[in-house]
Every structure is written in C-alpha cells, then in structure tokens.
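Fold and geometry: a report
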Amino acid sequence: MVDGGTPALNRSRETRALTQSGYLMLLVWVLLLGLALWAGISNATAEFQLAWKWVIVAVSAVVGFLILCGFYLINPNEAAAIQLFGAYKGTDREEGLRWVLPWLTRKKIAVRANNVISDKIKVNDLRGNPIEMAAQVVWRVTDTAQALFDVDDYKEFVMAQIEAAVRSIGSRYPYDDIEHQEITLRGNHDEVGVELRKALIERLEVAGITVDECGLTHLAYAQEIAGAMLRRQQAEAVIAARKKLVEGAVTMVEMALTQLSEKQVVDLDDERKAVMVSNLMVVLCGERDTQPVVNAGSLY
C-alpha cells in the first residue's frame, strides 16, 4: 500500500519461458504425418480393415493439429511473452522457429532500438522566458514483462514521459547566459543531454525501458519574444565587446605611459598625461578610423 491507502503497482519481472525448438517439433510432426499416411493407406488398400489403424490416423491427426498450433517465429531483436489464461509464464528471446504448448498464448514485442523525435513544445526556462524545445531519444525495451503488463501502452508512455522530461529540464536551466557563469540550455548541450537521459531513465524504469542516447534537436525563443530577445542578445554582445575593448585600451595606455617614463623619451606633467590618455582612449576605443592632427610647434 502507498500513501492514502491506494494499492501499490504489482510490478512484473521478466523470466525465461519454458519453450522448445520448433525444428524438433517439426520433425515430430513429419513423423506423425508419415505414420498417419501409412496407417490410412495400408488400411484402405487391405482386404480386411483394422480398427486400430484408423485409431492411429485419428490420434495422429489430433496430435499433429495441436503441434501445428504451437509453432511461432521470433525475428532477431524480438521477444514473445508467454501467457496461460492471462497469467504471465515467461518470455522467449530465442530467435528462429519456436514451439510452445498450443494452449499458451504468445504476445510478441520488439526489443530493438527505437529513435524518436518529440514534437516542439513551449516551456518557460529558469528566468521565465518562453522557449521552444524538442528532443531526440534512442530507447529500447529491456524488460518485456514490465513493458507489456505494467503500463497500458508503452509507446505512448514513452512519448508522454519524453515531453514531461523535456519540460522539467527546460525549466531547470536558463536559455542563455552572456557572462557564461552558469549552465545554460544553449551553451551546455552535453551537460543538458546527460541530465535529460538521467531523468528519462528514472521515468521509464517502471515500463522496463532504458534510454541509450538523447539530446535536444530544437531550441529557440518562442515566436512572441524572439525579436525582443534577439535585440537583447545583440545589446549584451555589444556591451561585452566594449568591456573587452576598454580593458585592452587601458592596458595599452598604461604600458605606453610606463615605457615613455622608463626610457625618458619625454617628460609629461599630469595635465599632458591626461591629454595623452584621452587621445589614446579615443583612438583605441573609437569605432571609426581617427584622423591625426600633427603639431609642428612646441609641445607647450
């Protein structure tokens, strides 16, 4: 029992089914067919018919029909869940021609890898910005009993859990961070992919499904704010570029003043240093090429 008195899920576990090779049973069926033909033909052509030969024909026909009803095929990367009147009796994963008692039912399930690309969904990121996301997921069934009996439709269950996991991951991280101080959806694809795979494995465990690979295939701001966020990104990029430019210009001006002083090229007072710093900053930080003015007279 879980909280509130609700009955807990009766979890299934895959076990190996007791099945036979179909080729051996095919040989038995051929022998029965030969026996039935011999008994029927010999009895029909004989002057005196023997009742026991007709019994052999009838028994061979019934047994042969039951044997035929027990044959089934399993393709590579496929399995068959065996049931007896609804009760799970195990899973057969041996590929090829197989045979089981005819009153046991077989339900086939593919265990090969499946590649799914989810629909684009709208999510609010960590900062509340609406964004569009879609993911690509490679998944496969590892426990056939759980996939068939613990969830209603395991394929629909996978799609629903992919959407839920993408929403959870999308709301956990910001779309972008111009300062690169935190994990973002746009700048940290590997980390986000690892988190998404971990979340999906936890969600799909109840259905006996594992995730081999996953990642985001679509990531963009929602249409209603795409223009505004683009202008914001451009402004942030300009600010960041200006910051780097100013830091470099200050370093170059400091280096110029230091070398002029150490080599005693010219002796500048504070006022002239201020003028020189101003001119150098304009030259180094300006967006357009500067037009120098040559002073042919005295410095003062």
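In the block above lies the structure referred to throughout.
First, a word on scope: everything that follows refers to the structure included in this document. (Residues numbered from 1 in each chain as written. Predicted model: local features only at pLDDT ≥ 70, side-chain atom pairs only at ≥ 80, totals over all residues. Heavy atoms only, no water.)

**With respect to the packing of helix α4 (residues 154-172) against helix α5 (residues 189-204)**
Orientation of α4 relative to α5, taken along the N-to-C sense of each, is 140°, at an axis distance of 9 Å. As far as their axial angle goes, α5 and α4 are oblique. Of the two elements, α4 crosses α5, and the hand of that crossing is right-handed. Residues Phe 157, Val 158, Gln 161, Ile 162, Ala 164, Ala 165, Val 166, Ser 168, Ile 169 and Arg 172 of α4 touch α5, and the partners they reach there are Val 192, Glu 195, Leu 196, Ala 199, Leu 200, Arg 203 and Leu 204. The class makeup of the residues in the contact of α4 with α5 is 12 nonpolar, two polar and three charged. (Axes fitted to C-alpha atoms, helices over the stretch in contact; angles between N-to-C directions. Helix = DSSP H or I, 4+ residues; strand = E, 2+ residues; numbered from the N terminus. Parallel < 35°, antiparallel > 145°, perpendicular 65-115°, else oblique. Left-handed = near helix turned anticlockwise from the far one by under 90°. Contact = heavy atoms within 4.5 Å. Nonpolar A, V, L, I, M, F, W, Y, C, P; charged D, E, K, R; others polar.)

**Overview of the sheet that holds strand β4 (residues 87-92)**
Adjacent strands of a sheet pair through backbone hydrogen bonds, lying either parallel or antiparallel. Reading across the sheet, the three strands line up as β4-β3-β6 and stay open at both edges, with antiparallel pairing between neighbours. Strands at the two margins of the open sheet, each flanked by one partner only, are β4 and β6 (105-110). Within the sheet, the average angular offset between the axes of one strand and its neighbour, ignoring direction, is 25°. Examined bridge by bridge, strand β3 (residues 78-84) and β4 share five bridges and lie antiparallel to one another. When the sheet's bridge partners are listed, Leu 84 is paired in β4 with Ala 87. (Pairing = 2+ DSSP bridges.)

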